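A look at the structure
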Amino acid sequence: MAEEKKKKKAKIPRQPMPEQDPHERAKNFSEVTYGFTAELSLNEAVRCIQCKKPLCIDGCPVSINIPEFIKKVAEGDILGAAKVIKESNFLPAICGRVCPQEDQCEMVCVVGVKDKPVAIGRLERYVADYEALHGKFEMPKMAPKTGKKVAIIGSGPAGLACAGDLIKTGHDVTIFEALHKAGGVLVYGIPEFRLPKAIVERELDYLKKIGVEFRLNHVIGKIRTVDELMKSDGYHAVFLANGAGLPQFMNIAGENLNGVYSANEFLTRNNLMKAYQFPEYDTPIKRFKNVAVIGGGNTAMDAVRTALRLGADNAYIIYRRSRDEMPARKEEIEHAEHEGVKFIMLTAPLRVIGNEKGWVTGLECIKMELGEPDESGRRRPIPVKGSEFIINLDAVIAAIGTNSNPLVAQTTPGLELNKWGYIVVDNEKTCRTSKKGVFAGGDIVTGAATVILAMGAGRSAAKSIDEYLSL
Amino acid sequence: MNEITDKKVWWSDAPAIKEFVVRAPWIVEKHKAGQFVILRVSENGERIPLTVSDKDLKKGTINILFQEMGATTIKLGKLNKGDNILDLTGPLGKPTHIEKFGTVVCVGGGIGVAPVHPIAQALKEAGNRVISILGARTKGILIYEDLMRKCSDEVRITTDDGSYGRHGFVTDELKGMIESGMKIDLVVAIGPPIMMKMVCKVTEPYKIPTYASLNTIMLDGSGMCGACRVTVGGKTKFVCVDGPEFDGHQVDFDEMMARLRQYMDEEKIAKEICQKNTM
Ligand SMILES: Cc1cc2nc3c(=O)[nH]c(=O)nc-3n(C[C@H](O)[C@H](O)[C@H](O)COP(=O)(O)OP(=O)(O)OC[C@H]3O[C@@H](n4cnc5c(N)ncnc54)[C@H](O)[C@@H]3O)c2cc1C
Ligand SMILES: Cc1cc2nc3c(=O)[nH]c(=O)nc-3n(C[C@H](O)[C@H](O)[C@H](O)COP(=O)(O)OP(=O)(O)OC[C@H]3O[C@@H](n4cnc5c(N)ncnc54)[C@H](O)[C@@H]3O)c2cc1C
Ligand code: SF4
Ligand code: SF4
Ligand code: FES
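Here is a short report on the structure shown in this document. (Residues numbered from 1 in each chain as written. Chains lettered and ligands numbered in written order. Predicted model: local features only at pLDDT ≥ 70, side-chain atom pairs only at ≥ 80, totals over all residues. Heavy atoms only, no water.)

Bringing the overall build of chain A into the picture now. Scanning chain A from terminus to terminus reveals 20 helices and 16 strands. Here the C-alpha radius of gyration of chain A, 23 Å, is about what a compact globule of 471 residues would show, namely 23 Å. For chain A, the spread of C-alpha atoms along the principal axes amounts to about 70 × 65 × 50 Å. When the 471 residues of chain A are sorted by exposure, 58% land in the buried category. Accessible area of chain A: about 20100 Å², with a carbon and sulfur share of 53%. (Helix = DSSP H or I, 4+ residues; strand = E, 2+ residues; numbered from the N terminus. Rg over C-alpha atoms; globule rule 2.2 N^0.38 Å. Buried < 20%, exposed > 50% of the residue type's maximum accessible area, 1.4 Å probe, protein only. Areas by Shrake-Rupley, 256 points an atom, 1.4 Å probe, with all protein chains shown as cover.)

See the structure below:
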């Protein structure tokens, strides 16, 4: 009987994700994927064989009890499943959508050895979306007020998660955010078609309901320094979660021509400022016809797919290594390809070419070949002599990574930084910096990483800050 | 938050020139000469930078002065005493480097006089001899004359049409001063980019250090996007965090002016819609 059941289970294939038709969606900003239906989620949930030693849990950076929540889904207890997830993950509707599952939980799922792995991320998203729709707001258990105040700098996933945990321990929590909207990369970077802003809004609402205070339009380092927050404003601890928001350019000729953007600018105009709805929204963006995005990460995919949606005839990804080395989520690369993005692999930009009015007309590139592996283990790209060529373009978007923004660090004496300007912490669990009462986590410690890691860091910091304040 | 406690209309013909006094105690407390704010007027609005042109520490207010050039400044101009500015961020940018230089000439062109004002004040307080040159198209749109007289040892005025002061440009006056043999230790120039470029052209042969305060397109104002970038001395700088003031002799003004024209077509559309909605 048990044998038979197992066989049956193995026959169910990984359930496909319903999604908008690629040709349609390439013209709109609505979410690409629709999410599982109840039936699909059930079919998928029973594919999990409920391992005794579930490797998937080790694959998840925040150790969600994956088999437990999937079991509840299989039993139809979706709200119960949500409870299990929320024990470890503060932002499941977001992580279910944007986690690089193929490198994490799903990479090690045993079902994946012979078949495709259980779609853990899709199930997580299903559960979180279901809960948002059907769950009731419940005030979490709040410890009595301690009279201690904590300032959180930055409202990305690290700051939000830290606030959510800390407020429950009885401390007063204020988030200081530089922009006029909270959410960090989740609102200014990741586009609507991949992460609807209403989902982020929901998380922010929840935090407000449970008492977290938001101070928007506050650039720390300018309006207030960390020292002032602690010495004059009475904050007993500070959590630095200001991300890695400094854009890198390519350092090639022609970079300040009109039509050259950092991915940060291009995405911020569209996501935070809603320039794709110009002139309904006041912030403008050009509707370029031929656009190249330099880079191979999630940011590059987001930028190129945004350019396509703004009406580009040709939207290219130019990447100096080969497709296998692209760091973007696999699903995004596939989605981009289906939508018509053209990939120019093993190619690096040399200079941006412009006209007399200062606008981009093209990009000179050079072909690369892969040599010996470098420190990162990836094969090093080497330029091929004499292989230069020119692509005609009217926009070039640099998505080659970000650095730490020095505003906070420069104005916080006694804060130890590493050689790249990221904040040094004693270890990732305590999040303690070299400055007493000051903690840090997320991209500002690790360099540009992932939502789930930033979220995890925020929660570790909350625990550590609570311990510090209870001393 | 950000309540407008006073409004003054300096010039009511289009493009109108208006000034607000805004309650912003936290910003006032930290603000230094040369710094600016970024504001947003409505939920679908864009973020624009404006310089803090005056302040009152006791009352906790800052002044902003603007000309109704496009959609956002027109919308802003519709607000009245008692209204709130939706979003206000600041102070942003690096403060002006202030020390005792000796004789300093502060050149303000058009509404550029307003941002020059706090700098002239600070330079005066630091013990400099401050000579201000204020330029306007015509007498009626000359702003801040009284305030500038208060913080200057001497004020010289030029108008393009000769309706007040010297008939000509601020550069004519500056050139005259230099050629008359006056020893000038520093020039600060704020105004339309073409004016700043010309001022720098005048001072360069004499090697007179010249600060120009650049008014590039901005988005976040905290170094996150690079929209505001300019080339200074062959290097790319972000005006919002590295500036807004730079050594004017090193600035690539032509590139900056080309970059300011990026959204000309869109700005026109937005302005037309904005004007239609008011009629
Ligand atoms: C375009 C793009 C796509 C991505 N896609 C994915 C993906 O698919 N999956 C994934 O897992 N990860 C993705 N990432 C990475 C992920 O978004 C980040 O790792 C994560 O957001 C980092 O969180 P954080 O809280 O450390 O910082 P952030 O999200 O960067 O938030 C930092 C916040 O601090 C604010 N701030 C900065 N300086 C100050 C200051 N001086 N004062 C006050 N506030 C300040 C910022 O405005 C911002 O709101 C993507 C990143 C980008 C840019
Ligand atoms: C640091 C800084 C400080 C500033 N301080 C002030 C200030 O105190 N008062 C003030 O009125 N403005 C100031 N500006 C300029 C102001 O931000 C812009 O004029 C504003 O963005 C106009 O927005 P808009 O939507 O009304 O007009 P837009 O639609 O953006 O512009 C309308 C027209 O004006 C032209 N224009 C726009 N900006 C400029 C500019 N900076 N210089 C010359 N022409 C321009 C455009 O080319 C267009 O033709 C400052 C800019 C910076 C970067
Ligand atoms: S949070 Fe990310 S890694 Fe963890 S289970 Fe969910 S999708 Fe997998
Ligand atoms: S490894 Fe895969 S099959 Fe095993 S418990 Fe985890 S999700 Fe289920
Ligand atoms: S305005 Fe974005 S970096 Fe200066």
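Read on, since the account is not over.
Here we come to the site of ligand 1. All names here are of chain A. Surrounding ligand 1, one finds 34 residues, the nearest of these being Val98, Glu177, Arg194, Ile220 and Asp443. The contact in question runs from an oxygen atom of ligand 1 to an N or O atom on the side chain of Arg194, over 2.8 Å. Between Ile220 and ligand 1, the recorded distance is 2.9 Å, taken from a backbone N or O atom to a nitrogen atom. When ligand 1 sits alone it has 1000 Å² of accessible area, and the protein chains cover 94% of it. Every element with two or more residues in the shell around ligand 1 is listed here: helix 11 (157-168), helix 16 (298-309) and helix 20 (451-470). (Near = heavy atom within 4 Å. Polar contact = N/O pair within 3.5 Å; in protein donor to acceptor, adjacent residues only side chain to side chain.)

Our next topic: the environment of Val241(B). For Val241(B), the location among the structural elements is in helix 7 (residues 239-242). Taking the C-alpha atoms as reference points, Val241(B) and Gly223(B), 18 residues apart in sequence, are found 5.8 Å from one another. In this view, Val241(B) contacts Leu407(A), Lys94(B), Ser222(B) and Gly223(B); residues no more than four positions away in its chain are not counted. (Contact = heavy atoms within 4.5 Å.)

A word on the sheet that holds strand 8 (residues 129-136) of chain B. Residues and elements named next belong to chain B. Strand order in this open sheet of seven strands is 10-9-8-7-11-12-15, and the pairing throughout is mixed. Looking at which strands have only one partner, the edges of the open sheet turn out to be strand 10 (166-167) and strand 15 (245-247). The pairing of strand 11 (residues 186-190) with strand 12 (residues 210-213) spans three bridges and is parallel. Bridging from a neighbouring strand, Val188 pairs with Tyr211 of strand 12. Against the sheet, helix 5 (residues 170-179) contacts strand 7 (103-109), strand 8, strand 9 (154-159), strand 10 and strand 11, and its axis sits at roughly 150° relative to strand 8. (Pairing = 2+ DSSP bridges. Axes fitted to C-alpha atoms, helices over the stretch in contact; angles between N-to-C directions.)

Before going further, it helps to examine the pattern of salt bridges. Residue and element names in this part refer to chain A. Tallying each qualifying case throughout the model produces 49 salt bridges over all chains. Residue Arg224 is joined to Asp233 by a salt bridge in which the shortest nitrogen-to-oxygen separation is 2.9 Å. For Asp374, the salt bridge is made with Arg321, and the minimal N-O distance between the two is 3.7 Å. Taken together, the positions of Asp374 in the loop between strand 11 (360-373) and strand 12 (379-383) and Arg321 in the loop between strand 8 (314-318) and helix 17 (330-339) put the pair 53 residues apart, joining distant regions of the chain. Grouping residues by exposure puts Asp374 and Arg321 together as buried. (Salt bridge = Lys/Arg side-chain N within 4 Å of Asp/Glu carboxyl O.)

All right, on to the interface of chain A and chain B then. Contacts between the two partners involve 45 residues from chain A and, on the opposite side, 46 residues from chain B. Roughly 3800 Å² is buried in total at the junction of chain A and chain B, and carbon and sulfur atoms are behind 53% of that figure. The three residues of chain A that bury the most area against chain B are Lys222(A), Asn256(A) and Asp282(A), which together make up 20% of that side's buried surface. The interface formed by chain A and chain B includes five salt bridges. For Lys75(B), the salt bridge identified is with Asp282(A), shortest N-O distance 2.5 Å. Of all the secondary-structure elements, those providing two or more residues to the side of chain A that touches chain B are strand 5 (246-247), strand 6 (260-262) and helix 15 (263-271) of chain A. Top element by residues in the side of chain A that touches chain B is helix 15 of chain A. It accounts for four residues. Classifying every residue of the side of chain A that touches chain B by side-chain character gives 20 nonpolar, 13 polar and twelve charged. (Buried area = accessible area lost by both parts, 1.4 Å probe. Nonpolar A, V, L, I, M, F, W, Y, C, P; charged D, E, K, R; others polar.)

On to the environment of His249(B). Residues and elements named next belong to chain B. Counting through the fold element by element, His249 comes out in the loop between strand 15 and helix 8 (253-260). Residues His249 and Val199, 50 residues apart in the sequence, show an inter-C-alpha distance of 9.6 Å. Aside from chain neighbours lying at most four places away, what touches His249 is Cys200, Thr203, Glu204, Ile208 and Thr210. From its side chain, His249 meets the backbone nitrogen of Glu204 in a polar contact 3.4 Å long.

Before going further, it helps to examine the packing of helix 5 (residues 66-74) of chain A against helix 6 (residues 78-88) of chain A. All names here are of chain A. Where helix 5 meets helix 6, the axes come as close as 7 Å, and the angle between the chain directions of the two elements is 170°. The angle between helix 5 and helix 6 places the two elements in the roughly antiparallel class. Contacts between helix 5 and helix 6 involve Glu68, Phe69, Lys72 and Val73 on the former and, on the latter, Ile78, Gly80, Ala81, Val84 and Ile85. Across the contact of helix 5 with helix 6, the residue classes break down as six nonpolar, one polar and two charged. (Parallel < 35°, antiparallel > 145°, perpendicular 65-115°, else oblique.)

With that settled, the discussion passes to the packing of aromatic side chains. Residues and elements named next belong to chain A. Evaluated as defined, the whole model comprises twelve aromatic pairs over all chains. Consider the rings of Phe29 and Phe193, whose centres lie 6.3 Å apart with planes at 50°: the pair is tilted. Separated by 164 residues along the polypeptide, Phe29 in the loop between helix 2 (22-25) and helix 3 (38-45) and Phe193 in the loop between helix 12 (185-188) and helix 13 (197-209) bring together distant segments of the chain. On the basis of relative accessible area, Phe193 is assigned to the buried category, the value being 1%. Taking 6.0 Å as the distance between ring centres and 70° as the angle between the ring planes, the aromatic pair formed by Phe137 and Tyr206 counts as edge-to-face. Here the residue Phe137 occupies a position in the loop between helix 10 (120-134) and strand 1 (149-153), and Tyr206 occupies one in helix 13, the gap between them amounting to 69 residues. Grouped by ring-pair contacts, the aromatic residues Phe29, Phe193 and Tyr276 constitute a single cluster. When the ring centre of Phe214 is taken as reference, the NZ or CZ atom of Lys208 above it lies at 5.7 Å. (Phe/Tyr/Trp six-rings, centres within 6.5 Å; stacked < 30°, edge-to-face > 60°. Lys NZ or Arg CZ within 6 Å of the ring centre and 35° of its normal.)

By themselves these figures say nothing about function.
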